[in-house]
Amino acid sequence: MAGGGDLYDGNTNIISPVDFPVDLFLVQMIIIVLSCRLMALLLRYLKQPAVIAEVITGIILGPSVLGNIPGYMTYIFPPSSIVTLNVVANWGLILFMFMVGLELDPGLLKSDWKRSITVSASGLITPFCLGLLSSLAIYRTIVDQSKVSYASFILFVGVAMSITAFPVLARILTETKLITTRLGSLAMSAAAVDDVTAWCLLALVVALARASNPLHFLYTVLALVAFIVFALFVLRPLLKRVARYGNSREGMDFNMVVFILILVLVCSFYTDII
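In this text the structure is predicted, and so the values were computed from the model without any measurement.

Asker: Quick question: what am I supposed to make of the packing of helix α4 (residues 79–103) against helix α8 (residues 166–175) here?
Answerer: Any two packed helices are characterised by how steeply their axes cross, that is the angle between the axes, and by the distance between the axes. Relative to each other, α4 and α8 sit at 55°, their axes nearing to 11 Å. Accordingly, the angle class assigned to the pair α4 and α8 is oblique. The handedness of the crossing between α4 and α8 comes out as left-handed. Between α4 and α8, the contacting residues are Leu 93, Phe 96, Met 97 and Val 100 on the first element and Phe 166, Pro 167, Ala 170, Arg 171 and Thr 174 on the second.

Asker: Would you take a moment to explain the layout of surface pockets for this structure?
Answerer: Which parts of space are left empty comes out when a probe the size of a water molecule is rolled across the atoms. Here the second largest pocket is characterised by a volume of approximately 1,000 Å³. Taken together, 27 residues line the second largest pocket, and the ones lying closest to its centre are Ile 32, Cys 36, Glu 54, Leu 85 and Ala 89. Breaking the lining of the second largest pocket down by element, the ones donating at least two residues are α1 (21–43), α2 (50–61), α4 and α8. Broken down by element, the residue count for the lining of the second largest pocket peaks at 9 residues, all from α4. A per-class count over the lining of the second largest pocket returns 19 nonpolar, 6 polar and 2 charged.

Asker: Teacher, can you tell me more about the pattern of salt bridges here?
Answerer: Side chains carrying opposite charge are able to pair once their charged atoms draw close together. Evaluation of the coordinates by the stated rule reveals 1 salt bridge. One salt bridge connects Glu 54 with Arg 171, and the closest N-O pair in it is separated by 2.9 Å. Within this pair, whereas Glu 54 is found in helix α2, its partner Arg 171 is found in helix α8, the two being separated by 117 residues in sequence. Taking the relative accessible area as the measure of exposure, Glu 54 reaches 30% and is therefore partly exposed. In this structure Arg 171 comes out as partly exposed when scored by relative accessible area, which is 22%.

Asker: What is the right way to read the nonpolar core from this model?
Answerer: One broad trend across soluble globular proteins is that nonpolar side chains are buried collectively. Core analysis: the biggest nonpolar cluster contains 8 residues, these being Val 100, Leu 104, Phe 166, Ala 170, Leu 173, Ile 179, Met 188 and Ala 191. Listed by contribution, the elements that provide at least two residues to this core are α8 and α9 (182–210). Considering each element in turn, this core owes the most residues, 3 residues, to α8. Ignoring sequence-local partners within four residues, the contact set of Leu 173 consists of Leu 178, Ile 179, Gly 184, Ala 187 and Met 188.

Calculation criteria
- Residues numbered from 1 in each chain as written.
- Predicted model: local features only at pLDDT ≥ 70, side-chain atom pairs only at ≥ 80, totals over all residues.
- Heavy atoms only, no water.
- Axes fitted to C-alpha atoms, helices over the stretch in contact; angles between N-to-C directions.
- Helix = DSSP H or I, 4+ residues; strand = E, 2+ residues; numbered from the N terminus.
- Parallel < 35°, antiparallel > 145°, perpendicular 65-115°, else oblique.
- Left-handed = near helix turned anticlockwise from the far one by under 90°.
- Contact = heavy atoms within 4.5 Å.
- 1 Å grid on protein atoms, 1.4 Å probe; cavity = no way out; pocket = protein on both sides within 12 Å on 5 of 7 lines; lining within 4 Å.
- Points joined across faces, edges and corners; volume = space filled by probe spheres on them.
- Nonpolar A, V, L, I, M, F, W, Y, C, P; charged D, E, K, R; others polar.
- Salt bridge = Lys/Arg side-chain N within 4 Å of Asp/Glu carboxyl O.
- Buried < 20%, exposed > 50% of the residue type's maximum accessible area, 1.4 Å probe, protein only.
- Core = buried A, V, L, I, M, F, W, Y, C linked by side-chain atoms within 4.5 Å.

Here you go:
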């Protein structure tokens, strides 16, 4: 295997597989997948979805718990390997969110848009106010007030408390088979509105905190609007033609699959940079 290593160096010395990037990654994946599955089996008795087990497993495998064991983070999860894990994790997240989008019914989203905004507003305002209240005590006791302004800190905490863990919500709805129901569509659309609003507010807070680029918030909003317009008036008609082409041929060929995958990657890249 490219990038791998033999157990012996040709002499009498045994070489550890974790000394090679590919072997280290494989060892990490074995530990992560096996641990997540075992935790999911345990939490199944508590009626908890698998994504909750994965979150708990991530905390246990990280520096908070097992990281206290001497040499654990150095040999099993060294800092140089975290970049690779992040890339693979984000690649999986991109594909998962794409599959979630395929299962959502746009008709349900259109019919419940007023209710979605109402639910989104309540889900945004309540944690935002609670975050503002809690940030008062945190700022006075923990934060270095000479480096962080009061206004920037309380706004940051309030916005951070308002952001929905959108992929986690999607995992829970998918696992409980609620993603295609009216309730699931309402939850997803409300969470989407929450996330868009909260991330725009976060861009505003960052711009205010840095004070060097006050147009950062305006750039984020305009870039988001441009993407929505492009998706509605360019991507949507294009994908309809692709769907009709696939239906006429009783399925999509390999070139169409590659074309859609490239579109997913391009959209992911654009939304990441904004």
